[in-house]
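# What the coordinates show
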Amino acid sequence: MLRELSLSRSNYYDWQKREVSAQQTKKNFVCALIQKIYDQNNGIYGAPKIAWEIRKQNISITVKTVGNYMREMGLRACYVPPCNAGIIPRISFL
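The following refers to the structure shown.

Quick notes on the rules
- Residues numbered from 1 in each chain as written.
- Predicted model: local features only at pLDDT ≥ 70, side-chain atom pairs only at ≥ 80, totals over all residues.
- Heavy atoms only, no water.
- Axes fitted to C-alpha atoms, helices over the stretch in contact; angles between N-to-C directions.
- Helix = DSSP H or I, 4+ residues; strand = E, 2+ residues; numbered from the N terminus.
- Parallel < 35°, antiparallel > 145°, perpendicular 65-115°, else oblique.
- Left-handed = near helix turned anticlockwise from the far one by under 90°.
- Contact = heavy atoms within 4.5 Å.
- Nonpolar A, V, L, I, M, F, W, Y, C, P; charged D, E, K, R; others polar.

With that settled, consider the packing of helix 2 (residues 22–40) against helix 3 (residues 47–56). Between helix 2 and helix 3, the least distance of the axes is 10 Å, while the angle of their chain directions is 115°. If you check the angle between helix 2 and helix 3, you find them roughly perpendicular. Crossing handedness for the pair helix 2 and helix 3: right-handed. Contacts between helix 2 and helix 3 involve Leu33, Ile34, Ile37 and Tyr38 on the former and, on the latter, Ile50, Glu53 and Ile54. Partitioned by chemical class, the residues of the contact of helix 2 with helix 3 number 6 nonpolar, no polar and 1 charged.

Below, the structure written as structure tokens:
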């Protein structure tokens, strides 16, 4: 496999021993937080509302970043149409 990728064994073992970067650690934390908020709200919240919920916890994040992470995780918000129970339809007798 290493020959096909033209990599040396030492590079492979060096890569295997590397620690997770700070950026990846933050991304994993934020993704877990996004999943938690998404599940708590039954999949209704989209990126803007989830970003707002995360900002309430004093974590700086943009809506675009939340949207990108949600796309990577395969999450989509569900549109819930407004209830029209109080509206009486007009009936015309022509």
